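Descriptive structure summary
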Amino acid sequence: MNSVASHKFSARTQLSALLMAGTMLATPLMAQEVAPPSVPAPAVPAPASEAAPTATTVQSITVVGNQRLEAQTILSYLRLRVGQQYDRSVLDQALKDLASTELFKDFQITDNNGALQIQVTENPVINRVILEGNKRLKEDKIRPEIKLAPRQIFTRSKVRADVARIIELYKRQGRFAATVEPKMVSLDQNRVDVVFEINEGPKSKVRQINIIGNEKFSDGDLKGEMATKQSSLMTILSSNTSYDPDRLAYDQQKLRLFYLQNGYADFRVISAVAELTSNKQDFIITYVVEEGERYKFGDVDVKSELRDFQPEMLKRLLPMHTGDWYNAKLVEDTVESLSETAGLFGYAFADINPEFRRDAETRTMAITFNVAESPRTYVERIDVNGNTLTHDKVVRREFRLNEGDAFNSFGIKRTENRINSLGYFQENLEIERKEGSAPDRIILETNVEEKPTGELSLSAGFSSIENFLLQASIRQRNFRGLGQQLQASVNYSSYSKSIELGFTEPYLLDRNISVGGSIYRRDLNSFNFINNDRRTTFQQVTTGMQLNAGVPLTEFMSFFARYSLNFDDVTLDRGLYYFGGECDPLVAGRYLCDAIGNRTTSLLGYTLAYDDRDNRIRPTRGQSLSLSQDFAGLGGSVKYVRTRLQGSKHFNLGSRFILNISAEGGYIYPFGGRPTPTSDKVRLTDRFFLGEPQMRGFDIRGVGPRVIRYGVNNSDPANPVVVTEGADRGQIDDALGGRAYYQGRLEVDIPLGTGAKELGLRPSVFVDIGSVFSVKRPTLTTLADFRETDPNAPGFGLTKSLCRNAATGERQFATENTTTTGGVTTGTGQYQTCPANFSRLDPFEERFFGDTWLPRVSIGAGVNWNSPFGPFRIDFAYALRKEEGDDIKRFSFNVGTQF
């Protein structure tokens, strides 16, 4: 009696035959109950008559066809025993028992006058379980859901269950069109490979959102409140266009909150239905709503059983008033505000219940905020969990409360901000409040999740400022788990090189005093642009060290002191700028010649800083203000006082929009010594400069005082023309900097969808304003320096090229070019011929621009990207206002450098 037809699988075979109902493609099919294999009646001899069947005694039971299972094991699953009376129903039950084991793909019972023979074909053993076609979901996500495993017995129920689980995984990813086709490959020794062929299909999008019943607000207003968005070109980067049942429930709450904020206290969502299209690629969501009537606030009162809470005083502080439109969010915020206020007085578990009294006739909602009596709470214990590397004391020293102190909600919030600012743990850490051993005791539990704080970087990049650059650095911001910072870095590019070693101890001897120091060497090549060609002007090599210390004065105010000693060597290219062993002002410019030389700077400085931002790494609210002064002159050859004032304020505009307003300014006052007749008292390398990247829309050092050298069209030496346009314009463009500067910035961070956020994209729009000014006007080279003043010389009064001997420093005017035609020599009027070993310098004129306090203004947009190759910043800016001589630059980007 064959219960299931035998099958031989030569290669990969559909499991549909085994699973009865065809290929398992979708969840609805899998939800159906698959009946056990039908079993025909046992092959027993027909009775002599068709009267009631007679019972027969079991004479013997034999098992054949078994390979892995012992005969006694198989018999143990059955109720048949030798000597037992049996009939057709008993044999039917035996077949059901064999089917329920799911150990056999074919089985039958043959009856020969009481001698029963059980013929079985065992289910194969699984050799491997293979996944094919899965790209969006990796194997490490699917494997834990699959119950089939190598060396297990193959069963149909497990295959069905695994298919259902895989499809459910894809549904959670929004892929409702995903199908799973199980197949198997027969091997020798009754083994099989089970293959799940997966067709992931496209992500099921929300094609359309319908809202029925809304009259007071448009569909667009309501859709804007929902987390789920319709699929369109405008939402291509959003991850909220896929269907999610949890998000559907969340959107219903968002709709209710929106109406409650606008006074519709009776609003309700009657139904929310999501329909999957026939191709299983799109959803159509339909909401049916009932808006109800709009309410206003009635009488608003506060009742308090806490002795520190005076109801009349609190009532005056409530944000809502009788006659205002009802706003449930305002009520919720008021409860939270009252809870925080109670926390300031030490009531950690203040019970504040708003009591609502609705009047349907007058459409008013009266509210009484009841503050129930509760004990003043004290901190029983502070627990720190989850820190494996960081010492407990590193976290505990950021607490603004100690064990035994009265609870204070402000201290808790400040503690959370300080721990988040460390940058050692997960973002948005919150301290949990738990009831202690008594009603007036509270346990503060801090569950941290450590992040990597060590950085080893070997990178190469390209910058619009530095061109190609290489960087190698090692940094540990939480050295030995004690919060110490250790760093070493080497940077190399075409125009700058540096090496630096530094160490900072934030808590010296476990006291709130920070100390640190660094040693460094920096090689900087200053440059300008001649047309599009970049040209080095001067080289500055700085070798030095710095020591610093800081101490807090209050919770938000700190004082820092520092001392640095620098040895500077400023040089020019001798082959390009020197003649006769000296710097030639006609080539380098008098301002550059005055800057060269060695100097020592001994500098003592301090900073007085106020900072109450919620996070120093990525703030969303709060402000910072700092005053810094540096005094150069305690020894050394440089003497000045440099003062800077900086401030910023961050606003959370809601919906993750962050506004940052910042401003800064500075001034250098020199003392000691006297300026030369041609130079400013503050040396070129000590002045302030402004431009990219501090002020976008302008080139590096593109704002402020500068000297531009223009070529001359000398075809008529008697009337030379200064060329201000074309290829000869700006043969030299040198920024001079200034003693004073100011700069302001207004920037708004724009939130993106979850997908873009996970990529590390942070776009922003900005307005920059600033200026650099106040420098002594340099002595400029004019056409008069190229004019022949000797009345006895040929070409008296004409502009001529200069001839110079680099070895001897000798100078003389060029002689007139001549041509010979037919043995007759005539002059050309061009004074450009120099003797041998002399170089020619053609006439030019220098002009001075930009020394004004008037602001430069630029607007633009940019985006930060924490790419796998390092930080990336790209900006597009447009200069709304500039002064003559400023260098503008609309597009800039940096890769591999911090910004």
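Residues numbered from 1 in each chain as written. Predicted model: local features only at pLDDT ≥ 70, side-chain atom pairs only at ≥ 80, totals over all residues. Heavy atoms only, no water.

On to the overall build of the protein chain. Across its full length, the protein chain carries 15 helices and 45 strands. Counting over 899 residues, the protein chain shows a buried share of 42%. In the protein chain, of all internal contacts separated by at least 6 residues, the share reaching a separation of at least 24 is 63%. Just so you have it, the protein chain exposes about 46200 Å², and 52% of that area is on carbon and sulfur atoms. (Helix = DSSP H or I, 4+ residues; strand = E, 2+ residues; numbered from the N terminus. Buried < 20%, exposed > 50% of the residue type's maximum accessible area, 1.4 Å probe, protein only. Contact = heavy atoms within 4.5 Å. Areas by Shrake-Rupley, 256 points an atom, 1.4 Å probe, with all protein chains shown as cover.)

This brings us to the state of the cysteines. Each disulfide consists of one covalent bond between the sulfur atoms belonging to two cysteines. A full pass over the atoms with the stated rule returns one disulfide. What pairs with Cys803 in a disulfide is Cys834, and their sulfur atoms sit 1.9 Å apart. Residues Cys803 and Cys834 share a disulfide whose torsion about the S-S bond is about -85°; that sign makes it left-handed. Placement of Cys803 in strand β37 (residues 802-804) and of Cys834 in the loop between β40 (824-833) and β41 (839-841) is noted, with a sequence separation of 31 residues between them. (Disulfide = S-S within 2.5 Å.)

Before going further, it helps to examine the nonpolar core. Ranked by size, the top nonpolar core spans 24 residues in total, and within it Phe297, Met320, Tyr326, Val331, Ile367 and Phe369 carry the most contacts. Counting residues per element, the ones that place at least two in this core are β13 (296-304), α9 (328-344) and β15 (364-371). Take this core: its biggest share by element is five residues, from α9. Of all hydrophobic cores here, the second largest spans 21 residues; its members include Leu137, Val159, Tyr170 and Val180. (Core = buried A, V, L, I, M, F, W, Y, C linked by side-chain atoms within 4.5 Å.)

The strands making up a sheet are joined through hydrogen bonds of the backbone, oriented either antiparallel or parallel. Strand order across the open sheet formed by three strands is β10-β12-β11, with mixed pairing between neighbours. Every other strand in the sheet has two partners, leaving β10 (205-212) and β11 (268-276) as the edge strands with one partner each. The average angle at which neighbouring strand axes cross in this sheet is 15°, direction not considered. Strands in contact with helix α7 (residues 245-261) are β11 and β12 (282-290); relative to β12, the strand with the most contacts, it is inclined by about 30°. (Pairing = 2+ DSSP bridges. Axes fitted to C-alpha atoms, helices over the stretch in contact; angles between N-to-C directions.)

Below, the discussion takes up the environment of Asp734. Looking at where Asp734 falls in the secondary structure, it is placed in strand β34 (residues 732-735). Here Asp734 falls in the buried class, since its relative accessible area comes to 6%. When the C-alpha atoms of Asp734 and Ile708 are compared, they prove to be 6.5 Å apart, with 26 residues separating the residues in sequence.

Attention now goes to the sheet that holds strand β17 (residues 432-435). As summarised here, the arrangement of the three strands in space is β16-β18-β17, forming an open sheet in which the pairing is mixed. Strands at the two margins of the open sheet, each flanked by one partner only, are β16 (378-385) and β17. Direction aside, neighbouring strands of the sheet carry axes that sit 25° apart on average.

Once that is clear, we can look at the packing of aromatic side chains. Two aromatic rings, taken as a pair, are described by how far apart their centres are and by the angle between their planes. Tallied over the full model, the rule gives 14 aromatic pairs. Centroid distance Tyr259 to Phe267: 4.1 Å. Interplanar angle 5°. Geometry classified as stacked. Three or more aromatic residues joined by ring pairs form one cluster here, namely Phe217, Phe258, Tyr259, Tyr264 and Phe267. Of note, Arg522 hangs over the ring of Tyr520, and the distance from its end group to the ring centre comes to 4.0 Å. (Phe/Tyr/Trp six-rings, centres within 6.5 Å; stacked < 30°, edge-to-face > 60°. Lys NZ or Arg CZ within 6 Å of the ring centre and 35° of its normal.)

In this structure, Asn113 takes a positive phi of about 55° despite not being glycine. Residue placement: Asn113 occurs in the loop between β5 (104-112) and β6 (115-122). A relative accessible area of 60% places Asn113 in the exposed class. The phi angle at Asp510 is positive, at roughly 60°, despite the residue not being glycine.

Looking at the protein chain, the pLDDT average stands at 80 and 86% of residues meet or exceed 70. Taken as a whole, residues 1-52 scores under 50 in pLDDT and shows 100 contacts with residues more than four places along the chain or in a different chain. (pLDDT = per-residue confidence, 0-100.)

Among the surface-exposed residues, Phe651, Leu653, Phe657, Ile661, Leu746, Ile750, Val765, Val767, Ile859, Tyr878 and Leu880 lie close enough to one another that they form a single nonpolar patch of about 860 Å² accessible area. Taken together, the elements giving at least two residues each to the nonpolar patch come down to β30 (640-654), β31 (657-670), β36 (761-773) and β44 (870-881). For Ile859, the position within the fold is in strand β43 (residues 856-867). When its relative accessible area of 35% is taken as the criterion, Ile859 is described as partly exposed. (Patch = residues over 30% accessible without salt bridge, like charges linked within 9 Å, V, L, I, M, F, W, Y side chains within 5 Å. Salt bridge = Lys/Arg side-chain N within 4 Å of Asp/Glu carboxyl O.)

Counting across every chain of the model gives 41 salt bridges. Among the salt bridges present, the one from Asp333 reaches Lys329, with a minimum N-O distance of 2.8 Å. Note that Asp333 and Lys329 are positioned in helix α9 at a spacing of four residues, about one turn of the helix. Of the charged contacts, one joins Asp383 and Arg381 as a salt bridge, the two residues approaching to 3.0 Å between their closest N and O atoms. Its relative accessible area of 35% is what places Arg381 among the partly exposed residues. Bridged by salt links that share partners, the residues Glu398, Arg400, Arg414, Arg418 and Glu555 form one connected network.

The next subject is a positive patch on the surface. A surface patch of like charges, here positive, comprises Lys135, Arg136, Lys138 and Lys203. Position of Lys138 relative to the elements: it lies in the loop between β7 (125-132) and α4 (139-142). (Lys, Arg positive; Asp, Glu negative; His and termini not counted. Charge placed at Lys NZ, Arg CZ, Asp CG, Glu CD.)

A separate point is α9. Over its 17 residues, α9 extends 25 Å from the first C-alpha to the last, a length consistent with the 24 Å expected when each residue adds 1.5 Å. Looking only at α9, the buried set comprises Ala328, Val331, Thr334, Val335, Leu338, Ala342 and Gly343. Residue Asn327 occupies the N-cap position of α9, its side-chain oxygen lying 2.9 Å from the main-chain nitrogen of Lys329. Directly after α9, the chain includes Gly346, whose backbone phi takes a positive value near 95°. (Expected span 1.5 Å × (residues − 1). Polar contact = N/O pair within 3.5 Å; in protein donor to acceptor, adjacent residues only side chain to side chain.)

Position of Glu788 relative to the elements: it lies in the loop between β36 and β37. Judged by its relative accessible area of 8%, Glu788 falls in the buried class. Ignoring any residue separated from it by four or fewer positions in sequence, one finds Glu788 in contact with Ala793, Pro794, Gly795, Phe796, Gly797, Leu798, Lys800 and Phe813.

Turning next to the environment of Gln152. Mapping Gln152 onto the fold places it in the loop between α4 and α5 (156-172). Relative accessible area serves as the criterion here: at 26%, Gln152 is assigned to the partly exposed category. On a C-alpha basis, the gap between Gln152 and Arg128 in space is 9.8 Å, while along the polypeptide they are 24 residues apart.

Its location among the elements puts Thr390 in the loop between β16 and α10 (392-396). Residue Thr390 is classed as buried on the basis of its relative accessible area of 4%. Along the sequence, Thr390 and Gly481 sit 91 residues apart, while their C-alpha atoms lie 4.0 Å from each other. Apart from residues no more than four positions distant in its own chain, Thr390 is found in contact with Val395, Phe425, Glu450, Asn478 and Gly481. Within the structure, the side chain of Thr390 is placed 2.8 Å from the side chain of Asn478, a separation counted as a polar contact.

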